Every structure is written in C-alpha cells, then in structure tokens.
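Listed below, chain by chain, are the residues.
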Amino acid sequence: MPLVTPLDASHDPETRELAAFFNETLGFCPNSVLTMQRRPAISKAFINLNKAVMANEGRVTSALKRMIAWVSSNATGCRYCQAHAIRAAERYGAEQEQLDNIWEYRTHAAFNEAERAALDFSLAASQVPNAVDQKIQDRLHEHWNEGEIVEMLGVISLFGYLNRWNDSMGTIMEQDAVDSGNQYLGKHGFEVGKHV
C-alpha cells in the first residue's frame, strides 16, 4: 500500500494537461505524478522540469537518456523507476540488443564507448557517497561536450528525486511498467517489490 494514494488524473486540470507528455513517454500518466498533484505546484513544476531535462539539444538521444535513468535507478534500488526507465527507453527507440543487455553495458558489444562513459557516469553520480572521480570526468570529456554532460546530469538528478519519491512513497507500479520490467529486467531478478 502506498504512503499516499494517487488522485484521479482529472483532479487538477493544469496537471492533466501537462501530463499528456507522459502519454508519449510511457503510454500513461505515472502514479507518482498523480500523487504529486495533491500539491499541484509540485506536480506542475516536476512535469516542466522533466520536459526540460528530457529535451534533446545535443547528441544525447532520448533512448540514451532513459538508459542513463535506468542505471541511476538501478544503483539506488528503485524498482518503480527501473521499470519506467526501461519502458521509456524502449518507446524512444533503444536497440533491442541494448534493452536485452542493459545489465552488461560495460562489456556487451551493443554499447559503444561513448554510451559506456555516459552510463558509468550515471552509476558513479548515483552512489552515496558520490563516486564521480577524475577518471569518470576524463572519459566523459573524451566523448561528450559540456552541454551534453549537463543534459546527462540533469537526467541523473531528476531520477535521484524520483527514486527517493517513489521508494519512500511505495508508489503503485502500473501494469504496463510491470510488463516492461519483467520483459527486460526479469532475467536479473526484477520484481515489483513494495510497488504493488
């Protein structure tokens, strides 16, 4: 049972309008947003931040941003966000081989060195204490410009918020997210956990 029950999607008209963004991203409005709308200023600010962070302004693709989100969520253990991130990566055109082998991104041939540098950055930045060191920084700068690094850290930071929100809230996972989690992450022990 969640800490706070999500409200109906029609509760706040402004949130509902902004949340149409998630129909493209996930195919549904997430329960996390439906819970945030108990304080509509939070839900609206969150959606606008999400849209800004996920906008593509460089070579960091929508699919890579969602894989960065998955690595970050995996590092923190948030099952809700893991399932959402892998579902969004699929919907934004991540290669099937990458989706099937996301756990092995460091060694699998489906990932190139630039993607590995981005995903290693996500892992290091999501740890407590933070593990971004000179080696991580140097590898990032070999493959990405500073604007692209800002985009990546925007994703990692956004999911830091979401990981804490959803794990603390025990947000109920939507069936489509469960299905994506089982499909791509199940072979490595994915389970819904507290998000039922």
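For clarity, every value in this text was computed on a predicted model and none was experimentally measured.

Draft legend 1. Seen up close, the packing of aromatic side chains. Scanning the entire structure with this criterion turns up six aromatic pairs. With centroids separated by 5.1 Å and ring planes inclined at 70°, the aromatic side chains of Phe-21 and Phe-22 adopt a geometry described as edge-to-face. With a centroid separation of 5.1 Å and 75° between ring planes, the pair formed by Trp-70 and Trp-103 is classed as edge-to-face. Here Trp-103 lies in the loop between helix H7 (96-100) and helix H8 (113-125) and Trp-70 lies in helix H5 (residues 62-76), a separation of 33 residues in the sequence.

Draft legend 2. Structural view of the environment of Gln-137. Within the secondary structure, Gln-137 is located in helix H9 (residues 134-143). Measuring from C-alpha to C-alpha, the distance between Gln-137 and Val-178 comes to 35 Å, with 41 residues separating the pair along the chain.

Draft legend 3. Just the side chain of Asn-31, in detail. Tracing the chain through its elements places Asn-31 in helix H3 (residues 31-36). Polar side-chain contacts of Asn-31 include one of 2.8 Å to the backbone oxygen of Ile-172. In this view, Asn-31 contacts Pro-6, Tyr-80, Thr-171, Ile-172 and Glu-174; residues no more than four positions away in its chain are not counted.

Draft legend 4. Structural detail: the packing of H5 against helix H6 (residues 79-91). In the contact formed by H5 and H6, the axes pass within 8 Å of each other and the chain directions differ by 165°. Taken together, H5 and H6 sit at an angle that is classed as roughly antiparallel. As for how H5 packs across H6, the hand of that crossing is left-handed. For the pair formed by H5 and H6, the contact residues are Ala-63, Arg-66, Met-67, Ala-69, Trp-70, Ser-73 and Asn-74 on the first element and Cys-81, Gln-82, Ala-85, Ile-86, Ala-88 and Ala-89 on the second. For the contact of H5 with H6, the class distribution of residues is nine nonpolar, three polar and one charged.

Draft legend 5. View of the pattern of salt bridges. The tally for this structure, following the rule as stated, stands at seven salt bridges. Here Lys-44 and Glu-14 are joined by a salt bridge, their closest N and O atoms 3.4 Å apart. Of the two residues, Lys-44 is situated in helix H4 (residues 40-54) and Glu-14 in helix H1 (residues 13-18); the sequence distance between them amounts to 30 residues. Residue Glu-14 is classed as partly exposed on the basis of its relative accessible area, which comes to 48%. A salt bridge links Arg-106 to Asp-120, with the nearest nitrogen and oxygen atoms 2.8 Å apart. A residue pair is termed long-range when its members are at least 10 positions apart, and Arg-106 in the loop between H7 and H8 and Asp-120 in helix H8 qualify at 14 residues. Among the ionic contacts, a cluster of salt bridges with common partners joins Arg-106, Asp-120 and Arg-139.

Draft legend 6. Molecular detail of the nonpolar core. Counting residues in hydrophobic clusters, the biggest one holds 59 residues, and the most contacted among them are Ile-68 and Trp-144. With nine residues, the single largest contributor to this core is helix H10 (residues 146-169). Those residues in contact with Ile-68, other than ones at most four positions away along the chain, are Val-60, Ala-118, Leu-119, Ser-122, Met-152, Val-155 and Ile-156.

Cut-offs and rules
Residues numbered from 1 in each chain as written. Predicted model: local features only at pLDDT ≥ 70, side-chain atom pairs only at ≥ 80, totals over all residues. Heavy atoms only, no water. Phe/Tyr/Trp six-rings, centres within 6.5 Å; stacked < 30°, edge-to-face > 60°. Helix = DSSP H or I, 4+ residues; strand = E, 2+ residues; numbered from the N terminus. Polar contact = N/O pair within 3.5 Å; in protein donor to acceptor, adjacent residues only side chain to side chain. Contact = heavy atoms within 4.5 Å. Axes fitted to C-alpha atoms, helices over the stretch in contact; angles between N-to-C directions. Parallel < 35°, antiparallel > 145°, perpendicular 65-115°, else oblique. Left-handed = near helix turned anticlockwise from the far one by under 90°. Nonpolar A, V, L, I, M, F, W, Y, C, P; charged D, E, K, R; others polar. Salt bridge = Lys/Arg side-chain N within 4 Å of Asp/Glu carboxyl O. Buried < 20%, exposed > 50% of the residue type's maximum accessible area, 1.4 Å probe, protein only. Core = buried A, V, L, I, M, F, W, Y, C linked by side-chain atoms within 4.5 Å.

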